[in-house]
Amino acid sequence: MTSATRDKGPAARATSEDGHARRVRRTRDRILGAATQAFARDGYGAATIEAIAATAGVAPASVYNHFASKAGIAQALAERALGVHDEYVAPAWTLDVSPLERLIAAGGATLAFAREQPTLSASISLSFLGPLGLFRGDTPEAAAIAARRKLQLERIVANLEAAVAAKELRPLNASATSRFLMASFAGVLTMEAHPAGATDQAATLEAGLRAMFEGLGAQATVTGDGRLRARYERAFERHGFVPTDPEPRPLPGRASASVIDGALLTRAARPMGGKREASC
């Protein structure tokens with residue numbers, strides 16, 4: 001603490017420290033926003049600290065001070081993406097409906113997240129890089145990612161078990177099934193996007209949930225010919241699983257912003273046609 005700071009009273013020192021914390025947070029946010037653009041434009045492998053720093057308007061040393069490495073940036077971005085996703089999905093688990101309808105609602109909330117936050121949605125794939133050794137396991141972000149994954153699994157397991165108890169589903173291994181569901185959601189939302197964007201994601205998520213529920217559905221859930229009963233059909237519609245453009249559109253000659261968002265880790269960007277999503 002400098003002599004000037006010591007001369008100030010406690011309230012003034014607190015205000016000064018709060019101001020410093022705000023500046024640190026703003027700088028971190030700028031770096032994460034710049035990294036979002038760089039990963040979308042160049043792919044994770046080709047993105048550089050220098051390019052991220054230039055976009056953020058800071059020196060490369062500042063990036064290292066805040067995140068230590070490019071992997072540290074990716075880990076922080078993945079944790080942020082999971083946090084925003086949880087804000088979308090958490091209300092679905094408290095709905096006063098049947099367990100199976102809550103699972104449909106959670107899928108719909110995930111779809112809304114993908115539609116409204118496409119780059120963060122694609123960033124969720126970064127959260128799976130820890131087991132590959134890319135991310136350190138002793139960081140606050142790693143702990144937060146693990147905690148969010150654990151909570152997601154617990155919610156899905158609880159609702160699958162409740163659906164079995166309510167005789168909506170036949171007996172199943174709820175733990176294994178929940179891991180399959182969560183991995184499927186992540187896969188759908190991070191694979192390379194068709195320019196139709198959310199339309200394709202809606203169809204894919206709906207197809208997967210339908211296949212599972214129709215295959216594992218008990219008599220209360222499916223009709224004699226194996227179709228979902230009307231209440232579950234209404235739940236799909238209520239939670240956004242109705243494609244607005246059921247016919248796939250032909251691929252344009254130039255990659256759209258949604259293609260760039262969907263290719264966060266997989267490739268360098270093609271020439272863009274249209275505006276990129278604002279950085280988060």
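Residues numbered from 1 in each chain as written. Predicted model: local features only at pLDDT ≥ 70, side-chain atom pairs only at ≥ 80, totals over all residues. Heavy atoms only, no water.

## Brief notes about the overall build of the chain
Short version of the rule: Secondary structure elements are defined from DSSP: runs of H or I of at least 4 residues count as helices, runs of E of at least 2 residues count as strands, and each element is numbered from the N terminus. For the exposure calls, accessible area comes from a 1.4 Å probe over protein chains only, and a residue counts as buried if that area is under 20% of its type's maximum, exposed if over 50%, partly exposed in between. Note on contacts: a residue pair qualifies if any of its non-hydrogen atoms lie within 4.5 Å across the two residues. Note that accessible areas follow from Shrake-Rupley with a 1.4 Å probe, and for residues the cover is restricted to the protein chains shown.
In terms of regular secondary structure, the chain is built from 12 helices and zero strands. In sequence order, the chain lays out its α and β elements as α-α-α-α-α-α-α-α-α-α-α-α. Counting over 280 residues, the chain shows a buried share of 45%. Of all intrachain contacts in the chain linking residues separated by at least 6 positions in sequence, the fraction that spans at least 24 positions is 68%. When the accessible area of the chain is evaluated, it comes to approximately 13,900 Å², of which 56% is carbon and sulfur surface.

## Quick word on empty space enclosed by the protein
Put simply, the rule is: Of the two site types, the cavity is a set of points on a 1 Å grid over the protein atoms alone where a 1.4 Å probe fits but cannot get out, and the pocket is an open set with protein on both sides within 12 Å along at least five of seven lines, each lined by residues with an atom within 4 Å of a point. Grid points are joined across faces, edges and corners, and a volume is the space filled by probe spheres set on the points.
What the rule picks out here adds up to two cavities of 30 Å³ or more. Taken as a whole, the largest cavity spans an internal volume of roughly 240 Å³. Contributing to the lining of the largest cavity are 20 residues, with His85, Thr110, Gln152, Met182 and Phe185 lying nearest its centre. Within the residue set of the lining of the largest cavity, elements represented by two or more residues are α5 (70-89), α6 (99-116), α8 (140-165) and α9 (174-190). A per-element tally of the lining of the largest cavity places α9 first, with five residues.

## Details of the environment of Gln117
Here Gln117 shows up in the loop between α6 and α7 (118-123). Taking the C-alpha atoms as reference points, Gln117 and His85, 32 residues apart in sequence, are found 8.9 Å from one another.

## Quick word on α5
To keep things clear, this is the line we draw: Working rule for helices: expected span equals 1.5 Å times residues minus one.
In this model α5 runs 29 Å from its N-terminal to its C-terminal C-alpha over 20 residues, within 8% of the 28 Å that 1.5 Å per residue would give. Burial analysis of α5 places 17 of its 20 residues in the buried class, which makes it a mostly covered element.

## Description of the side chain of Arg210
Mapped onto the elements of the fold, Arg210 is located in helix α10 (residues 198-216). Discounting chain neighbours no more than four positions away, the residues touching Arg210 are Gly215, Leu228, Glu233 and Phe236.

## Side note on the environment of Arg229
With respect to the element layout, Arg229 can be found in the loop between α10 and α11 (230-238). Considered as a pair, Arg229 and Glu214 are 15 residues apart in the sequence and their alpha carbons are 9.6 Å apart. Every residue in contact with Arg229, bar those within four places of it in the chain, is listed here: Gln219, Ala220, Thr221, Val222 and Thr223.

## Focus on the packing of aromatic side chains
Put simply, the rule is: A pair of aromatic rings is counted whenever rings of Phe, Tyr or Trp (Trp by its six-membered ring) have centres within 6.5 Å, and the orientation is called stacked for planes under 30 degrees apart, edge-to-face for over 60 and tilted otherwise. Lysine and arginine charges are scored as sitting over a ring when NZ or CZ, respectively, is within 6 Å of the ring centre and within 35 degrees of the ring normal.
Taken as a whole, this structure holds three aromatic pairs when the rule is applied. Residues Tyr88 and Phe113 carry aromatic rings whose centres are separated by 5.5 Å and whose planes lie at 70° to one another, so their mutual orientation is edge-to-face. Of this pair, Tyr88 sits in helix α5 while Phe113 is found in helix α6, placing the two residues 25 residues apart along the sequence. Since its relative accessible area comes to 23%, Tyr88 is described here as partly exposed. One Lys or Arg, Lys70, reaches over the ring of Tyr44 and ends 4.7 Å from the middle of that ring.

## A short note on helix α3 (residues 49-56)
The cut-off we apply is this: For this quantity, the arc is that covered by the directions from the helix axis to the C-beta atoms.
Looking at α3, one finds that the buried residues are Ile49, Ile52, Ala53 and Ala56. Buried residues along α3 cover an arc of 100° about the axis, so they all sit on one side. Within two residues after α3, Gly57 carries a phi angle of roughly 75°, on the positive side.

## Remarks on the confidence of the model for the chain
The following threshold applies: Each residue carries a pLDDT score, the predictor's confidence in it, ranging from 0 to 100.
Summing up the model confidence of the chain, the mean pLDDT is 78 and the portion of residues at 70 or higher is 74%. Every residue in residues 193-198 is under pLDDT 50, and counting partners more than four places away or in other chains gives 17 contacts. Here residues 244-280 scores under 50 on pLDDT; set against residues more than four positions off or in separate chains, the count is 79 contacts.

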